[in-house]
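Secondary and tertiary structure notes
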Amino acid sequence: MLYLAVVVIYFTYVADVLERGTLSRAVIPILYAAVGLFGMVGVLTGVLAERVGSVRVAALCLTTVGVALALLGLASGSLVATAASPCIFGAGYMTGSAVLAVWTAQLMPHRAGAAFTACLILGALSSVAAPALAGVLIPSVGLGVLLVLSAALSLIGGVAFMLRGSSRGAAVARDSS
């Protein structure tokens, strides 16, 4: 599960980036609160999935998380980029978490609970594997490059889902009505 892998990479390494940056230590908890505040957009996930399809919403979430990772990896010296990253991430993270439930319910309406559980199990495995792999790569490529590589994977995943969603998204949205 690419989504959960890149999310856990963000959560694992954002503290390192924030502590190395130009921010006062007092601002760091505020940025974590911004993840939750901007994540409130996630309450609109069902409406958005109904209008454009859950696959397109998932694509948007992967893209959003990718942008947040890229900001950390490329511009962590910038106060604006460092402050914007958790805000952007919050929207992608919370909406992405919600769309997993919507998507699995659409995919297997009569076994939505089992489908969502399977999704979470795969996500848990990727949440363990992703930081382990990242930890192996960081000494040779550096944290910034790792974040950019994670951003690229997330963005590629978002584009792939968007391409898939353009052919299926509207049909899934109509079928679920």
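Conventions used here
- Residue numbers restart at each chain and count upward from 1, following the sequence in its written direction.
- For a predicted model such as this one, the threshold for reporting local features is a pLDDT of at least 70, and the threshold for listing and counting side-chain atom pairs is 80 or more; totals across whole chains, interfaces and linings nevertheless cover every residue.
- The basis for the side-chain values is all heavy atoms of the structure; hydrogens and waters are excluded.
- Only DSSP runs of H or I with at least four residues qualify as helices, and only runs of E with at least two residues qualify as strands; both kinds are numbered from the N terminus onward.
- It only takes one pair of heavy atoms within 4.5 Å for two residues to be counted as in contact.
- Areas reported as accessible are Shrake-Rupley estimates using a 1.4 Å probe. Residue values count occlusion only from the protein chains shown.
- We treat Lys and Arg as the positive residues and Asp and Glu as the negative residues; His and chain ends play no part in the count.
- Here the site of a charge means atom NZ of a Lys, CZ of an Arg, CG of an Asp or CD of a Glu.
- In summary, the pairing rule links any two rings of Phe, Tyr or Trp, Trp by its six-membered ring, whose centres are within 6.5 Å, and it sorts them by plane angle into stacked for under 30 degrees, edge-to-face for over 60 and tilted for everything else.
- Only protein chains enter the calculation, and the probe is 1.4 Å; a residue is then buried if its accessible area is under 20% of its type maximum, exposed if over 50%, and partly exposed in between.
- Here a helix's expected span is defined as the number of its residues, less one, multiplied by 1.5 Å.
- Note that the arc is defined by the directions from the helix axis to the C-beta atoms.
- A fitted line through C-alpha atoms represents every axis, and for helices the fit uses only the stretch in contact; the resulting angles, taken between N-to-C directions, go from 0 to 180 degrees.
- Reported orientations rely on four angle classes, namely roughly parallel under 35 degrees, roughly antiparallel over 145, roughly perpendicular from 65 to 115, and oblique for the rest.
- Crossings are classed by handedness, with left-handed meaning an anticlockwise turn of the near helix from the far one by less than a right angle and right-handed meaning a clockwise turn.
- Note on residue classes: Ala, Val, Leu, Ile, Met, Phe, Trp, Tyr, Cys and Pro are nonpolar, Asp, Glu, Lys and Arg are charged, and everything else, Gly too, is polar.
- Among the buried residues, those of types Ala, Val, Leu, Ile, Met, Phe, Trp, Tyr and Cys that are joined through side-chain atoms within 4.5 Å form a nonpolar core.
- Like-charged residues are merged into a patch within 9 Å and nonpolar side chains (Val, Leu, Ile, Met, Phe, Trp, Tyr) within 5 Å, provided each residue has over 30% relative accessible area and no salt bridge.
- Take a side-chain nitrogen of Lys or Arg and a carboxyl oxygen of Asp or Glu: if they are within 4 Å of each other, that pair is a salt bridge.

With respect to the overall build of the protein chain
Tallying secondary structure elements over the protein chain gives seven helices and zero strands in all. Summarising the internal contacts of the protein chain: among those between residues at least 6 apart in sequence, 81% fall at separations of at least 24. A total of about 8,800 Å² of accessible surface is found on the protein chain, and carbon and sulfur atoms cover 73% of it. Side chains of the protein chain carry 8 positive and 4 negative charges; the gap between the two charge centres is 8 Å.

Thoughts on the packing of aromatic side chains
Taken as a whole, this structure holds five aromatic pairs when the rule is applied. With 6.4 Å between their ring centres and 85 degrees between their planes, Tyr10 and Phe11 make a pair best called edge-to-face. With relative accessibility at 1%, the residue Tyr10 sits in the buried group. Seen from their ring centres, Tyr10 and Phe89 are 3.8 Å apart, and the 5 degrees between their planes marks the pair as stacked. Of this pair, Tyr10 sits in helix H1 (residues 2-20) while Phe89 sits in helix H5 (residues 79-107), placing them 79 residues apart in sequence. The exposure classification of Tyr10 matches that of Phe89, with both residues buried. Ring-pair connections join several aromatic residues into one group, and the members of that group are Tyr10, Phe11, Phe89 and Tyr93.

A look at helix H2 (residues 28-39)
Taking 1.5 Å per residue as the helical rise, H2 with its 12 residues ought to reach 16 Å, and the 17 Å between its terminal C-alpha atoms agrees with that figure. The set of residues buried in H2 consists of Ile28, Leu31, Ala34, Val35 and Gly39. One side of H2 carries all its buried residues, which in axial view fall inside an arc of 120 degrees. Exposed and oriented more than 90 degrees from the buried face of H2 are Pro29, Ile30 and Leu37. Each element contacted by the buried residues of H2 is listed here: H1 and H5.

Considering the packing of H1 against helix H4 (residues 54-75)
At a minimum axis separation of 10 Å, H1 and H4 run at an interaxial angle of 25 degrees. Here H1 lies roughly parallel to H4, going by the angle between them. Between H1 and H4 lies a crossing whose hand is left-handed. The residues of H4 that touch H1, namely those facing Leu2, Tyr3, Val6, Val7, Ile9, Tyr10, Val14 and Val17, are Leu62, Val65, Ala68, Leu69 and Leu72. Here the contact of H1 with H4 is composed, by residue class, of 13 nonpolar, no polar and no charged.

With respect to the nonpolar core
Grouped together as the largest cluster of nonpolar side chains are 31 residues, with contacts concentrated most on Leu69 and Leu147. Of all the secondary-structure elements, those providing two or more residues to this core are H1, H2, H4, H5, helix H6 (112-141) and helix H7 (143-175). For this core, the element with the most residues is H1, which contributes 12 residues. Among residues more than four places away in sequence, those in contact with Leu69 are Val6, Ile9, Tyr10, Leu147, Ser150 and Ala151. One finds Ala49, Val57, Ala58 and Cys61 within the second-largest nonpolar core, a separate group that totals five residues.

As for a nonpolar patch on the surface
Together, Leu37, Phe38, Met40, Val41, Val43 and Leu44 give the surface a local cluster of nonpolar side chains, amounting to about 610 Å² of exposed area. Within the secondary structure layout, Val41 lies in the loop between H2 and helix H3 (45-52). Here Val41 falls in the partly exposed class, since its relative accessible area comes to 37%.

On their own, these measurements won't tell you what the molecule is for.
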